[in-house]
Every structure is written in structure tokens, then in C-alpha cells.
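Next come the chains, spelled out residue by residue.
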Amino acid sequence: MLVNAVSALMGALLMAGAVQAQEPDAAAQNRAWGKCKACHATDANASRNEGPTLFGIIGAPAGIVADFKSFSPAMKNSGVVWSEEALDKFIAKPHTFMPGNTMPFSGMPREADRKAVIAYLKSHNGLKK
Ligand code: HEC
């Protein structure tokens, strides 16, 4: 019995390790973020003219960043909260996910790239890694 419990525990630990290994690495994250960083920063109060800062974006309501003045009505009134799922759908096809938004970006078709961007945002927004 004890042996079974130990081997079950070992299996669980191995699986946890495997899941962690699937997290996109820093190089993949930086590469994917390269598609966004011309317009977006990730520091607090660091919006550019081109786009709002994405500091703290995960879990935040859309369109509320105070130092960005040019949100579209579509973004401001969307009622979207940026869960990881919502971000994934938005980044994949911004204008299908949220018609009328004015982000000049047509989308990121590869799921691996979107995962990498979201991992980047998670580790650059003041949340624990
Ligand atoms: C050419 C500039 C540009 C690029 C490139 C760009 N964005 Fe944006 N982004 C914007 C603008 C402008 C808005 C505001 C759109 C609106 O209000 O309708 C925005 C809005 C957003 C929002 C909503 C922010 C909020 O506060 O609700 C997220 C999330 C976002 N972008 C993520 C990304 C990601 C991730 C990438 C890269 C895959 C990216 N953007 C690429 C300009 C850009």
C-alpha cells in the first residue's frame, strides 16, 4: 500500500514537472512579445501613444488604463475582463473577438505564440511568476 502511495506521488510529481516544462521559455516569450512591444509597455503608468500599457492586464477589465487616452468605445464598453482565455481569443483574432476595437493588429494565429505572449505578460505585470 505504502509503495503504491509513494509511486502515485512520484507520478504526480513527474507530471507536475512535465507541465512546467511545457511553459514557453524566455526566448519564446521574448520572440512572441516582439509582435506587441512596438505599441505596448508592461510597466505601470507607461502607456505609449500607440497602445495602453499591459501592466496588470491579467484579470483586469478592458479599457480602464488611466494614462491611455484613445481607447475605442468598443473596448471601453466591452465588459470584457482579461482572463487568460479572453486574452488568448483576443490575440488570436482581435477584430473577430471584439468588433469595433481599434488595435492595429490582425492577430497571432499560432497557439504556441499566444501562450508565449500570455506567459510573458504574467511574468511582467507585478503578479507572482
Ligand atoms: C500597432 C500597435 C499595436 C500592436 C502591434 C499591438 N497592439 Fe494591443 N492595442 C493597441 C491599441 C491602440 C489598443 C487599444 C484598442 C482599442 O481601444 O480599441 C490595444 C489594446 C490591447 C489590449 C486591451 C488593453 C486594455 O487595457 O483593455 C490588449 C490586451 C492588447 N492590446 C494586447 C496586445 C498584444 C498581446 C499584442 C501582441 C500580440 C498587441 N496588443 C499588439 C495597439 C497595438
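Residues numbered from 1 in each chain as written. Predicted model: local features only at pLDDT ≥ 70, side-chain atom pairs only at ≥ 80, totals over all residues.

**Regarding the overall build of the protein**
Line of reasoning, step 1. Within the protein, the secondary structure is distributed over six helices and zero strands.
Line of reasoning, step 2. Seen in sequence order, the protein has helices and strands lined up from the N terminus as α-α-α-α-α-α.
Line of reasoning, step 3. With 129 residues in all, the protein has 19% of them scored as buried.
Line of reasoning, step 4. Within the protein, residue pairs in contact and separated by at least 24 positions form 44% of the contacts whose partners lie at least 6 positions apart. (Helix = DSSP H or I, 4+ residues; strand = E, 2+ residues; numbered from the N terminus. Buried ≥ 20, exposed ≤ 12 C-beta atoms within 10 Å, placed from the backbone. Contact = placed C-beta atoms within 7 Å.)

**Notes on the nonpolar core**
For soluble globular proteins, nonpolar side chains are generally found buried alongside one another.
Line of reasoning, step 1. Among the nonpolar cores identified, the biggest contains 13 residues, and I91, A116, V117, I118, Y120 and L121 are the most heavily contacted of them.
Line of reasoning, step 2. If one sorts the elements of this core by residue count, helix α6 (residues 111–123) sits on top with six residues. (Core = buried A, V, L, I, M, F, W, Y, C linked by C-beta atoms within 7 Å.)

**Notes on the site of the ligand**
Line of reasoning, step 1. In the vicinity of the ligand, 28 residues are found, and the nearest of them are C36, C39, G51, S72 and M75.
Line of reasoning, step 2. Broken down by secondary-structure element, the contributors of at least two residues to the shell around the ligand are α3 (73–76) and α4 (84–92).
Line of reasoning, step 3. The residue inventory of the shell around the ligand, partitioned by class, reads 20 nonpolar, six polar and two charged. (Near = placed C-beta within 6 Å. Nonpolar A, V, L, I, M, F, W, Y, C, P; charged D, E, K, R; others polar.)

**Focus on α4**
Line of reasoning, step 1. For α4, every residue scored as buried is listed here: L87, F90 and I91. All buried residues of α4 lie within an arc of 95° about the axis, which places them on one face of the element.
Line of reasoning, step 2. Buried residues in α4 make contact with α5 (94–97) and α6. (Arc of directions from axis to C-beta.)

**Structural notes on the packing of helix α2 (residues 26–33) against α6**
Line of reasoning, step 1. One can describe the packing of α2 onto α6 by two numbers: an axis separation of 8 Å at closest approach and a directional angle of 100°. One way to sum up the angle between α2 and α6 is to call them roughly perpendicular. In contact with A28, Q29, A32 and W33 of α2, α6 contributes D113, A116, V117, A119 and Y120.
Line of reasoning, step 2. For the contact of α2 with α6, a count of residues per class yields seven nonpolar, one polar and one charged. (Axes fitted to C-alpha atoms, helices over the stretch in contact; angles between N-to-C directions. Parallel < 35°, antiparallel > 145°, perpendicular 65-115°, else oblique.)

**Concerning unusual backbone geometry**
Line of reasoning, step 1. Even without glycine at this site, N45 takes up a positive phi of about 55°.
Line of reasoning, step 2. Within the secondary structure, N45 is located in the loop between α2 and α3.

**Thoughts on the packing of α4 against α6**
Line of reasoning, step 1. Where α4 meets α6, the closest approach of the two axes is 10 Å, and the angle between their N-to-C directions is 130°. As summarised for this structure, α4 and α6 are arranged oblique, according to the angle between their axes. Our pair here, α4 against α6, has a crossing hand that is right-handed. Side by side, α4 and α6 meet where E84, L87, D88, I91 and A92 of the first sit next to R114, V117 and I118 of the second.
Line of reasoning, step 2. Residue classes in the contact of α4 with α6 are distributed as five nonpolar, no polar and three charged. (Left-handed = near helix turned anticlockwise from the far one by under 90°.)

**A few points about the environment of A32**
Line of reasoning, step 1. With respect to the helices and strands, the residue A32 is situated in helix α2.
Line of reasoning, step 2. Once the C-alpha coordinates of A32 and I118 are considered, the two residues, 86 residues apart in sequence, prove to be 9.3 Å apart.
Line of reasoning, step 3. Not counting the four nearest positions on each side in its chain, A32 is found in contact with D113, A116, V117 and Y120.

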